[in-house]
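Reading the structure
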Amino acid sequence: MSVQTHTLSNGFRIVTEKMPGLQSASIGIWVTAGGRDERIEQNGIAHFLEHMAFKGTKTRSALQIAEAIEDVGGYINAYTSREVTAYYARVLGADVPLALDVISDILLNPVFDEDEIEVERGVILQEIGHALDTPDDVIFDWLQDEAYPDQPIGRTILGPEERVRSFSREDLRRFVSEHYGPAQMILSAAGDVDHDAIVRAAEGLFGELEGTVADIALGAKFHGGERRVSKSLEQAHFALAFEGPGYCDDEIYTAQVYSVALGGGMSSRLFQEVREKRGLCYTIFAQTGAHSDTGMTTIYAGTSGEQLPELANLTMTELARAADDMSDAEISRATAQMKADMLMGLESPSSRAERLARLMQIWNRIPALEETVAQIDAVTTAGVMDFAAHLAGQAPAALALYGPIDTAPTLSDMLVGRAA
């Protein structure tokens, strides 16, 4: 497998990876602008814009966009995160030029028809309502807000209903002009692809695109806090987060190995202690997510209101214990899980294209898989225990609770007795 990169004179970046033996390909454009790039009055507009991309261009109607890809058996979609907005398609190798033409069309030639804006506004409002009715979705938005209060990175990606109701055609155009310049775009493709052909096509489609002067996203500061929302639900939802490293921090792999050992699988400490031995929940897990300048190690569980206090206390006990007696065997198992998850996931061209785009966004280069594996293998038990001690002792924390939570301990109560 070979990775090739190219940058056009205007800063537009291209990265491809040929995967021998495949007849399909994934191709897309990742725009390095998402929720954290919005001003407060724009909250939700990056996601709104993603929806509008499929609602018609100067040359294709919304139906024609869908038909162009589905007529050849392909699939097209998009997503918005806090740091990127992605537009991508999965097609057979022979149809890569068509997919790139459609994706470039929706990015370069949107019409933002007023009637379609109103239709999609209704769709997004329904999406917001669905999220609010899904406790194990909304609780993570609340947790993010408590971790990063009054900051763009802490706001919901969907945006509040009142903002979504007010966005105009001009608001959409303004966000595009501010953030959709060539230097903010990465074309990534993997599978049955021809790098030189893609570069030639990109030059013709994007080579004359002029740059923008985008505002620099505000730096993130993890503060921590607590949100408790009592509601008559079958389960109490518990989400606890600690400040973690950003993805450029040398400690990111240590943090990820720690979260796998703590709650990343059926053999993990939290799963064994909380679910298997005590039957306090059906779902419990830990994970470490990262952004460019910050990150979070998060623990989530759902349980009954009566058992929530025990679950919360046991979680804190396990956090403290991880700083004292994490074993070499646990770290070896966690690193093996991380490597296997990464390598097995990359058997898909969609996962490959996603990885390539993300690495270009982070480092503007593509580290070899062997380099990433070596960084995971370099994580030590002592390093994980030091990280665990920091979380158990000094790291800022955020807590979100939803459901029958009246008997749940407060965040300050849970943190009593932390190591100095």
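Located above this text is the structure these notes cover.
Our subject in this report is the structure included herewith. (Residues numbered from 1 in each chain as written. Predicted model: local features only at pLDDT ≥ 70, side-chain atom pairs only at ≥ 80, totals over all residues. Heavy atoms only, no water.)

Some remarks on the overall build of the chain
Condition: A run of DSSP states H or I qualifies as a helix once it reaches four residues; a run of E qualifies as a strand once it reaches two. Both are numbered from the N-terminal end. The size measure is the radius of gyration over C-alpha atoms, and the globule rule it meets is 2.2 Å times the number of residues to the 0.38 power. Each residue gets one of three labels from its accessible area relative to the maximum for its type: buried under 20%, exposed over 50%, partly exposed in between, using a 1.4 Å probe on protein chains only. What makes two residues a contact is simply this: any of their non-hydrogen atoms within 4.5 Å. The protein chains shown are the only cover counted for residues, whose accessible areas, like all others here, come from Shrake-Rupley with a 1.4 Å probe. Two residue types count as positive, namely Lys and Arg, and two as negative, namely Asp and Glu; His and chain ends fall outside the count. Charge placement uses NZ in Lys and CZ in Arg. For Asp and Glu, CG and CD serve respectively.
Counting secondary structure elements, the chain contains 16 helices and 11 strands. Computed over its C-alpha atoms, the radius of gyration of the chain comes to 23 Å, within 12% of the 22 Å expected for a compact globule of 420 residues. Each principal axis of the C-alpha distribution contributes one length, and for the chain these read about 60 × 50 × 35 Å. Out of the 420 residues in the chain, the part that is buried amounts to 54%. Partitioning the contacts of the chain with sequence separation of at least 6, the portion at a separation of at least 24 is 81%. Looking at the chain as shown, the accessible area adds up to about 18000 Å², and 50% of this sits on carbon and sulfur atoms. For the chain, the distance from the average position of its 33 positive side-chain charges to the average position of its 63 negative side-chain charges is 1 Å.

Notes on the packing of helix α9 (residues 252-263) against helix α12 (residues 328-345)
Keep this limit in mind: Interaxial angle, 0 to 180 degrees, is taken between N-to-C directions of lines fitted to C-alpha atoms, where a helix line uses only the stretch in contact. For classification purposes, angles smaller than 35 degrees are called roughly parallel, those larger than 145 roughly antiparallel, those between 65 and 115 roughly perpendicular, and all remaining angles oblique. Under the scheme applied here, ten amino acids are nonpolar (Ala, Val, Leu, Ile, Met, Phe, Trp, Tyr, Cys and Pro), four are charged (Asp, Glu, Lys and Arg), and all others, including Gly, are polar.
Viewed as axis vectors pointing N to C, α9 and α12 meet at an angle of 105 degrees, and their least axial separation amounts to 9 Å. Between α9 and α12, the angle falls in the class roughly perpendicular. Here α9 contributes Y253, Q256, V257, V260 and A261 to the contact with α12, which in turn contributes E330, I331, A334, T335, Q337 and M338. For the contact of α9 with α12, the residue count by class is 7 nonpolar, 3 polar and 1 charged.

Observations regarding the environment of N109
Mapped onto the secondary structure, N109 falls in the loop between α3 (96-108) and α4 (114-132). Taking the C-alpha atoms as reference points, N109 and T59, separated by 50 residues in sequence, lie 7.9 Å from one another. Once residues lying within four places of it in the same chain are set aside, the contact partners of N109 are G56, T57, K58 and S104.

Some thoughts on the sheet that holds strand β1 (residues 2-7)
Let me state the cut-off plainly: In this scheme, strands are said to pair when DSSP sees at least two bridges between them.
Strand order in this open sheet of 6 strands is β1-β2-β6-β3-β5-β4, and the pairing throughout is mixed. The strands lining the two open edges of the sheet, one partner per strand, are β1 and β4 (75-80). The sheet shows a mean angle of 15 degrees between the axes of neighbouring strands, taken without regard to direction. Where β4 meets strand β5 (residues 85-92), 6 bridges bridge the pair, whose relative direction is antiparallel. Of the residues in β5, the one forming a bridge with I76 is A89. Packed onto the sheet, helix α8 (residues 195-206) meets β1, β2 (13-18), β3 (24-31) and β6 (185-191) and runs at close to 155 degrees relative to β2. On the sheet, helix α13 (residues 349-363) packs against β1, β2, β3, β4, β5 and β6 and is oriented at approximately 150 degrees with respect to β6.

Some remarks on unusual backbone geometry
Unlike most non-glycine residues, F112 shows phi in positive territory, near 50 degrees. Positionally, F112 belongs in the loop between α3 and α4. Look at F112 and you get buried, because its relative accessible area is 3%.

As for the sheet that holds strand β10 (residues 295-303)
In space, the 5 strands of this open sheet follow the order β7-β11-β8-β10-β9, with mixed pairing throughout. A single partner strand is all that each edge strand has here, and the edge strands are β7 (225-230) and β9 (283-290). Each adjacent strand pair in this sheet contributes to an overall mean axis angle of 10 degrees, direction not counted. Bridge analysis of strand β8 (residues 236-244) against strand β11 (residues 397-403) gives 6 bridges, and the strand direction is antiparallel. Along β11, the bridge assignment pairs A239 with A400. Of the strands in this sheet, β7, β8, β9, β10 and β11 touch helix α5 (residues 135-147), which is tilted by about 150 degrees from β11.

Describing helix α7 (residues 169-179)
So the rule is basically this: Each C-beta atom gives one direction from the helix axis, and the arc is the one those directions make.
By the burial criterion, the buried members of α7 are L172, F175, E178 and H179. Taken down its axis, α7 places every buried residue within 130 degrees of arc, on the same side. Here the buried face of α7 lies against β3, α1 (45-52) and α4.

Quick word on a negative patch on the surface
Definition in use: Patches draw on residues past 30% relative accessible area with no salt bridge. Two like charges within 9 Å are joined, as are two nonpolar side chains (Val, Leu, Ile, Met, Phe, Trp, Tyr) within 5 Å. Here, a salt bridge means any Lys or Arg side-chain nitrogen found within 4 Å of an Asp or Glu carboxyl oxygen.
A cluster of acidic residues, D249, D250, E251 and D386, forms a negative patch on the protein surface. Note on placement: D250 falls in the loop between β8 and α9. Overall, the relative accessible area of 74% leaves D250 in the exposed class.

Considering the nonpolar core
The condition that has to hold: Only buried Ala, Val, Leu, Ile, Met, Phe, Trp, Tyr and Cys residues count toward a nonpolar core, and they belong to the same one when joined by side-chain atoms within 4.5 Å.
Of all hydrophobic cores here, the largest spans 51 residues; its most connected members are F238, L240, Y258, V274, L319 and M326. Ignoring anything within four residues of it in the chain, the contact list for V274 reads R269, G279, L280, C281, I284, L311 and L314.

As for the pattern of salt bridges
Tallying each qualifying case throughout the model produces 26 salt bridges. E318 is the salt-bridge partner of R321, the closest N and O atoms lying 2.8 Å from each other. Of this pair, R321 and E318 both sit in helix α11 (residues 308-325), 3 residues apart, roughly one helical turn. Assessed through its relative accessible area of 3%, E318 is described here as buried.

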